[in-house]
Amino acid sequence: MQTVELLLDEATDAAVRDEWQRLADAGLPSQALHTGSTNAPHITLAVARAIPEADEAAVANLSGAMPLPVELGALVVFGSRRLALARLVLAQPPLLALHERTAAALQDCPGVPQYLVPGRWTPHVTLARGLTPSQVAAALETLGQVDVVSGSVIAMRRWDSDQRQAWLLGASAR
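Residues numbered from 1 in each chain as written. Predicted model: local features only at pLDDT ≥ 70, side-chain atom pairs only at ≥ 80, totals over all residues. Heavy atoms only, no water.

### Digging into the overall build of the protein
Then comes step 1: Along its length, the protein carries 4 helices and 7 strands.
Then comes step 2: Its helices and strands taken in sequence order, the protein reads β-α-β-α-β-β-α-β-α-β-β from the N to the C terminus.
Then comes step 3: Taken over the C-alpha trace, the protein has a radius of gyration of 16 Å; the compact-globule value for 174 residues is 16 Å, and the two agree within 12%.
Then comes step 4: Expressed as lengths along the three principal axes of its C-alpha atoms, the size of the protein is roughly 45 × 30 × 30 Å.
Then comes step 5: Within the protein, the fraction of its 174 residues that count as buried is 45%.
Then comes step 6: Of the side chains in the protein, 13 bear a positive and 17 a negative charge, and the two mean positions are spaced by 6 Å. (Helix = DSSP H or I, 4+ residues; strand = E, 2+ residues; numbered from the N terminus. Rg over C-alpha atoms; globule rule 2.2 N^0.38 Å. Buried < 20%, exposed > 50% of the residue type's maximum accessible area, 1.4 Å probe, protein only. Lys, Arg positive; Asp, Glu negative; His and termini not counted. Charge placed at Lys NZ, Arg CZ, Asp CG, Glu CD.)

Encoded structure:
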């Protein structure tokens, strides 16, 4: 799979990493336990089986919109059997507009999931994957009531899961 992701400013990144660590310290699944060099708090903007160079270039041109304001809101759970815990990203017009432009640039790419098309996208930052229902309950207790975190997205990157590589796009890469 190929993704386009938005990276968070330093303070927002640190707030998410703190939540990752609190989950890990409680013995729960956490993104903190993923020790790959490219692991970073992010918002997934697009996914496809392949992103041709021309389409990547079109998306890279959109990176000039950075920084964009972002707010991390409530905790949200995705999935049915093995669950994911995330912070909901409050959908603000600049972020939604960037998502729509990105989707338009990648509309001909193969394997774009329906849950990522405009109008169906739920922007979020993943905290943990592969939780059981009882682990979700423990994670919610561990994190407690979360406050809104106001920050910004400052960079756009590509992730290639086949090559296990990530790189910054456009203005972010300079």
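### Brief notes about the side chain of D9
Then comes step 1: Following the sequence through the fold, D9 ends up in the loop between strand 1 (2–8) and helix 1 (10–25).
Then comes step 2: For the buried D9, no salt bridge is present, and the opposite-charge side chain at shortest range is R17, 11 Å distant.
Then comes step 3: Leave out the neighbours within four places in its chain, and D9 touches G151, S152 and I154. (Salt bridge = Lys/Arg side-chain N within 4 Å of Asp/Glu carboxyl O. Contact = heavy atoms within 4.5 Å.)

### Thoughts on unusual backbone geometry
Then comes step 1: A cis geometry characterises the amide bond from M66 onward to P67, with omega recorded as -5 degrees.
Then comes step 2: By secondary structure assignment, the location of P67 is in the loop between helix 2 (53–60) and strand 3 (68–78).
Then comes step 3: Of note, the phi angle at R164 is positive, near 55 degrees, even though the residue is not glycine.
Then comes step 4: With respect to the helices, strands and loops of the structure, R164 is situated in the loop between strand 6 (149–160) and strand 7 (165–168).

### Looking at the pattern of salt bridges
Pairing is possible between side chains that carry opposite charge, provided their charged atoms lie close to one another.
Then comes step 1: Counted according to the given criterion, the structure contains 4 salt bridges.
Then comes step 2: A salt bridge links D13 to R17; its shortest N-O distance comes to 2.6 Å. Here R17 and D13 lie together in helix 1, a separation of 4 residues that amounts to about one turn.
Then comes step 3: On the basis of relative accessible area, D13 is assigned to the buried category, the value being 16%.
Then comes step 4: Residue classification places R17 among the partly exposed positions, given a relative accessible area of 35%.

### Quick word on the pairing of strand 4 (residues 83–89)
Then comes step 1: Judged by how many residues are buried, strand 4 sits mostly within the fold: 6 of 7 residues are covered.
Then comes step 2: Summarising the sheet, strand 3 and strand 4 pair through 5 bridges and their orientation is antiparallel. Counterpart to L72 in the pairing with strand 4 is V89.
Then comes step 3: Here strand 3 folds back onto strand 4, and the loop between the two strands holds 4 residues, one of which, G79, carries a positive phi near 110 degrees.
Then comes step 4: As judged from the 5 bridges shared by strand 4 and strand 5 (residues 124–131), these two strands associate in the antiparallel manner. Bridge assignment links L85 to a residue of strand 5, and that residue is A128. (Pairing = 2+ DSSP bridges.)

### Remarks on the environment of V136
Then comes step 1: Along the chain, the position of V136 falls in helix 4 (residues 133–143).
Then comes step 2: Overall, the relative accessible area of 9% leaves V136 in the buried class.
Then comes step 3: Separated by 94 residues in sequence, V136 and H42 have C-alpha atoms that sit 21 Å apart.
Then comes step 4: Filtering out sequence-adjacent residues up to four positions away, V136 remains in contact with V77, L83 and L131.

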